[in-house]
Amino acid sequence: MLRRHRRAARLTLEQLAEASGVSARTLSDMERGRSKGPQHRTVTALADALRLAGTEREQLMELAREGRLRDHWARPTGLCELPRSVDDFTGRSAELAWAAELVRAADAGPGLVTGSAGLGKSTLAVRAAHTLRQDFPDGVFFLDLFGMSAEPLPSDEALGMLLRALGLADQQIPSDVAERASLYRSLLRERRVLVVLDNAGSEEQVRPLLPGGGAARALVTSRRLLAGLEGVRRLGLGPLPPMEATQLLTGILKDRGTPDADPALWELAQLCGGLPLALRIAGNRLASRPGWNAADFAARLTDEERRLDQLSAGDLKIATAFGLSYDQLAEATRRVFRRLALVPGRDFDAALSSVAGGTSIAGAWDALDELVDLGLLQDGASGRYRFHDLVLLFARERLREEDSAADRDAVVDAVTSWLLKMAVTAGQWFGPGRPENDLPGLSSTQEADLWLRVNADNWLGALRQAAVLGRHATVVDFAMTLIHFSNRWMHAVHWHDVFVLGAQSAAALGDLTHQAAQLNAQAGVHLMSDGDLEAALRHTADAMVLAVRAGSTEEIASSHHYAAGALRRLGRLDEAIEAQSKAAEMFRADGDMDAYSHSLGSLGTCFRDTGRYPQALEHYFKLWDLLNDEVSGVSPSNAAFSRPIVLTRIGECLGLLGRRTEAIGKLTEAIALFKEVQVPAIQAGALETLAALLAEEGRSGESRQAYARAAEIYEAIGDTDASSRCRDLAS
């Protein structure tokens, strides 16, 4: 009928295409009967171009409508049908909204959902497709590309399956892949179709299956990042938050006769790491065994060596899901993956990965990229990586199976030695001398400070390992070197373990001086962390006994210094001043100007606490002059660290003396210097004091800003009371 109308209008195929805006290929398909059910808008455009009206127009529209119905009802069933959506689907509301926005956008490209095994990518895509089905009257198709299998579905076979699902007979499907892809895209251009391409293995596999524009949409899932795909919108899927993970378990278990307690389900969700596949396995096991309860099952999962075995239900096995990704790796990357399980901390960088994996830095980067691409590692900020908890257990399992005990011990030794060497070298930047070794990434105090902070879990794990192995001299050297850095990072939780191990190793060596030093350092931990002040005094008393026996003037002075700190905090101020005066005198006589500077500042604080502000100010100014005297003997790193703290104390004393203008100036100067020194508690205190002084001066706007900044810093270090106090004053 279309050909008859075109000839009656004396139009060539090309002229009709130009007049209607419908492609010549689509018109040719319609005339040859290949396309019997064009879209309503296509037929309307043709009727307008042919200038049809009345009965002829209605007849063309009716035939087209009947053709569409025939196409709809004649479409082969069972081809690329969408799987059912699970009834207990939970959460992912933001991700579903993303999918809806994607497919409804006028110029949207394909959507790509990526993530590691077990995150529920396929489940999410199927749920989204069911939710959006009414938006796609011409069909919703699903195709598993088997990207993680040994034999992924070839693109030509995938195209053939999709073309058959779209209604083509085998004899209408070209044999050439390029021709199949072209035909596929032309059919999709005029159809409102959603194609879900699940489990894609590579860009090469999926690229021919994507629509070329028009009304059709595609949603792709893959464990790989498929970074080479152009024009796609990406969604990286992560684990379920604890609340949604618990809700998923609750939904799976809704038909159990006896409800499980929420705390037990919460713990079970935590042990599953928020991984939907693990949660479903755990839920299914409980649902199929009415005699079990969640608390008992959670207790079984706490055994890390058996957790993966427990997360198995029928043909669902979490280890099998990880294994499919593992099998995709090159052998060198598999080795790096396994041996990264021996890293003692929670995360690591390429340098540590190269040591653990026994490869170059370049080789480590390549392996890390491949592991991230397959979702076996999570990459974070500043080039650091970490395992999901269950993937870590899988890596340990593969390590036990594939690496000998001797090889594992060698990796542990290499990692431990490297971490301790790096930490000691970094720590030497904060002592009186310079580092003995020139190591990459540790060329300044700033780099050393950053390395020690971000690798704290790793070097502490290495120190524990060295202690277990009886490497006492190494442990003592480490603990002594890190004392200076502990003063810069005073609120870290690691120092108690460091100095306890140091004291134990020194005792094992019969080294009285270093044992005394480590006991004094433990007292310092109690002072820095608002700990047990009586315990601090006991540590300094024990240290004093050892130091006297060893004849160590330095540690006798240190015992006085730390004891004075505890006495001041206990309100025994006269005793504190006496002890701190002894420490200052001994440090100065011994030529330890860094320690002398610390005692001088502490003396000022003792006088401040007694209300003797002029004497306190005298000591602070004396310390300020010492820090700025280049020939005083104070180390540059200690001087730079101490300056903002001393200025803060000066500002506080000036404020207490009613000299507000001077106090505001000193505190403002101190706060500027804190940008170079990380002492957040003192910085927040300086801001709070400044805010109060500004308020007294009637500078309310500046005061509120200072209170707000103080609140942010207090919140960052976990002091919620101080943060709330400052926020109230900032409002």
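Here the structure is shown first, and the text comes after it.
What counts, and where the lines are drawn
- Residues numbered from 1 in each chain as written.
- Predicted model: local features only at pLDDT ≥ 70, side-chain atom pairs only at ≥ 80, totals over all residues.
- Heavy atoms only, no water.
- Helix = DSSP H or I, 4+ residues; strand = E, 2+ residues; numbered from the N terminus.
- Buried < 20%, exposed > 50% of the residue type's maximum accessible area, 1.4 Å probe, protein only.
- Contact = heavy atoms within 4.5 Å.
- Areas by Shrake-Rupley, 256 points an atom, 1.4 Å probe, with all protein chains shown as cover.
- Lys, Arg positive; Asp, Glu negative; His and termini not counted.
- Charge placed at Lys NZ, Arg CZ, Asp CG, Glu CD.
- Pairing = 2+ DSSP bridges.
- Axes fitted to C-alpha atoms, helices over the stretch in contact; angles between N-to-C directions.
- Expected span 1.5 Å × (residues − 1).
- Salt bridge = Lys/Arg side-chain N within 4 Å of Asp/Glu carboxyl O.
- Parallel < 35°, antiparallel > 145°, perpendicular 65-115°, else oblique.
- Left-handed = near helix turned anticlockwise from the far one by under 90°.
- Nonpolar A, V, L, I, M, F, W, Y, C, P; charged D, E, K, R; others polar.
- Phe/Tyr/Trp six-rings, centres within 6.5 Å; stacked < 30°, edge-to-face > 60°.
- Core = buried A, V, L, I, M, F, W, Y, C linked by side-chain atoms within 4.5 Å.
- Disulfide = S-S within 2.5 Å.

Chemist: Help me understand the overall build of the chain in this model?
Modeler: Secondary structure assignment for the chain yields 37 helices and 9 strands. Within the chain, the fraction of its 731 residues that count as buried is 51%. A sequence separation of at least 24 residues applies to 66% of the contacts in the chain between residues at least 6 apart. Summing over all exposed atoms, the chain offers an accessible surface of approximately 33,100 Å²; the carbon and sulfur share of this is 49%. Treating the 81 positive side-chain charges of the chain as one cloud and the 97 negative ones as another, the clouds have centres 8 Å apart.

Chemist: I tried to follow unusual backbone geometry on my own but got confused; where do I start?
Modeler: The phi torsion of most residues other than glycine is negative, and most of the peptide bonds are trans. Positive phi outside glycine occurs at Asn 199, with the angle close to 60°. Even without being a glycine, Leu 226 presents a positive backbone phi close to 50°. If you trace the backbone, Leu 226 turns up in the loop between β4 (217-222) and β5 (233-236). Owing to a relative accessible area of 1%, Leu 226 belongs among the buried residues under this scheme.

Chemist: When you look at the sheet that holds strand β1 (residues 111-114) in this model, what are you seeing that I'm missing?
Modeler: In a beta sheet, neighbouring strands pair by backbone hydrogen bonds and run either parallel or antiparallel. Reading across the sheet, the 5 strands line up as β2-β3-β4-β1-β5 and stay open at both edges, with parallel pairing between neighbours. Only two strands of the sheet have a single neighbouring strand rather than two, namely β2 (140-144) and β5. Here the strands of the sheet are splayed against their neighbours by 15° on average, with no regard to which way each runs. Packed on one face of the sheet, helix α8 (residues 155-165) meets β2 and β3 (194-198) and runs near 155° to β2.

Chemist: Looking at this model, I keep getting lost on helix α33 (residues 636-656). Mind explaining?
Modeler: Each full turn of the α-helix corresponds to 3.6 residues, which orients residues three or four apart in the same direction. The terminal C-alpha atoms of α33 lie 30 Å apart, and with 21 residues this matches the ideal 30 Å at 1.5 Å per residue to within 8%. Among the 21 residues of α33, 15 are classified as buried, and the element is accordingly described as predominantly covered. One or two residues past the end of α33 sits Gly 658, with phi positive at roughly 85°.

Chemist: Explain helix α21 (residues 405-428) here, please?
Modeler: Over its 24 residues, α21 runs 35 Å from end to end, which matches the ideal 34 Å to within 8%, given 1.5 Å per residue. For α21, the secondary structure elements touched by its buried residues are α17 (331-339), α18 (350-357), α22 (445-454), α23 (456-468) and α24 (472-481).

Chemist: Looking at this structure, I do not really get the pattern of salt bridges. What am I missing?
Modeler: Tallying each qualifying case throughout the model produces 32 salt bridges. Arg 384 serves as the salt-bridge partner of Asp 347, at 3.1 Å between the closest nitrogen and oxygen. Here the residue Asp 347 occupies a position in the loop between α17 and α18, and Arg 384 occupies one in the loop between β8 (378-379) and β9 (385-386), the gap between them amounting to 37 residues. Judged by relative accessible area, which is 21%, Asp 347 ranks as partly exposed. In this structure, the salt-bridge partner of Arg 384 is Asp 349, at a minimum N-O distance of 3.8 Å. In this pair, Arg 384 sits in the loop between β8 and β9 while Asp 349 sits in the loop between α17 and α18, placing the two residues 35 residues apart along the sequence. In this pair, the class of Arg 384 matches that of Asp 349, namely buried. Each of Glu 331, Arg 338, Arg 339, Glu 397, Arg 398, Glu 402 and Asp 403 takes part in a single network of salt bridges with overlapping partners.

Chemist: Is there a simple way to think about the pairing of β1 in this case?
Modeler: Within a regular beta strand, the side chains point alternately toward one face of the sheet and then the other, so they alternate between its two faces. Residues of β1 alternate between two faces, with Gly 111 and Val 113 on one and Leu 112 and Thr 114 on the opposite face, all of them buried. Bridging between β1 and β4 involves 4 bridges; their strand directions are parallel. When the bridges of β4 are listed, Gly 111 appears paired with Leu 219. Relative to β5, β1 runs parallel, the two sharing 4 bridges. Note that in β5 the partner of Leu 112 across the bridge is Arg 234.

Chemist: Where do I start with the packing of α21 against α24 in this structure?
Modeler: Two packed helices can be described by the angle between their axes and the distance between those axes. Two elements in contact, α21 and α24, have axes separated by 9 Å at closest approach and are oriented at 30°. Judged by the angle between their axes, α21 and α24 are roughly parallel. In this structure, the crossing between α21 and α24 has a hand that is left-handed. Contact residues: α21 offers Leu 420, Ala 423, Val 424, Gly 427 and Gln 428, while α24 offers Thr 474, Asp 477, Phe 478 and Thr 481. Tallied by class, residues from the contact of α21 with α24 come to 4 nonpolar, 4 polar and 1 charged.

Chemist: Would you explain the environment of Tyr 620 in this entry?
Modeler: Residue position: Tyr 620 is located in helix α32 (residues 613-627). Overall, the relative accessible area of 1% leaves Tyr 620 in the buried class. Residues within four places of Tyr 620 in sequence aside, it is in contact with Gly 601, Gly 604, Thr 605, Arg 608, Val 646, Arg 649, Ile 650 and Cys 653.

Chemist: Even after reading the chapter, I still don't get the packing of aromatic side chains, so can you show me in this structure?
Modeler: Aromatic ring pairs are defined here through the distance separating the ring centres and the angle between the ring planes. Scanning all chains against the criterion turns up 16 aromatic pairs. For the pair Trp 365 and Tyr 385, a centre-to-centre distance of 6.4 Å together with 70° between the ring planes defines the contact as edge-to-face. With Trp 365 in helix α19 (residues 361-373) and Tyr 385 in strand β9, this pair connects stretches of sequence that are 20 residues apart. Taking relative accessible area as the criterion, Trp 365 reaches 37% and is therefore assigned partly exposed. An aromatic cluster is built from Phe 430, Trp 459, Phe 478, Phe 485, Trp 489, Trp 495 and Phe 499, whose rings are joined through pairwise contacts.

Chemist: Would you take a moment to explain the nonpolar core for this structure?
Modeler: For soluble globular proteins, nonpolar side chains are generally found buried alongside one another. Ranked by internal contacts, the top residues of the largest apolar core, which has 117 residues, are Ile 318, Leu 340, Trp 459 and Trp 495. Of the residues forming this core, the biggest block, 8 residues, is contributed by α21. Leaving out residues up to four positions away in the same chain, Leu 340 has contacts with Phe 348, Ser 353, Ala 356, Leu 368, Leu 371, Leu 377 and Phe 387. Core analysis: the next-biggest nonpolar cluster, separate from the first, contains 65 residues, Leu 567, Ala 583, Leu 623 and Ile 713 among them.

Chemist: Help me understand the state of the cysteines in this model?
Modeler: A covalent bond between the sulfur atoms of two cysteines is what we call a disulfide. Applying the stated rule across the entire model yields 0 disulfides. The structure places no disulfide on Cys 653, whose sulfur is separated from the nearest cysteine sulfur, that of Cys 606, by 12 Å.

Chemist: Got a minute to help me understand the pairing of β2 in this structure?
Modeler: Most of β2 is tucked away, with 4 of its 5 residues classed as buried. By the bridge criterion, 5 bridges tie β2 to β3 in an arrangement that is parallel. Bridge pairing in β3 links Asp 144 to Asp 198.

Chemist: Would you take a moment to explain the packing of α33 against helix α34 (residues 660-673) for this structure?
Modeler: α34 packs onto α33 with a crossing angle of 160° between their chain directions and a minimal axis gap of 8 Å. When the interaxial angle is binned, α33 and α34 end up roughly antiparallel. Along this stretch, α33 crosses α34, giving a crossing that reads as left-handed. Seen from α33, the contacting residues are Arg 643, Pro 644, Leu 647, Thr 648, Ile 650, Gly 651, Glu 652, Leu 654 and Gly 655; seen from α34, they are Glu 662, Ala 663, Lys 666, Leu 667, Glu 669, Ala 670 and Leu 673.

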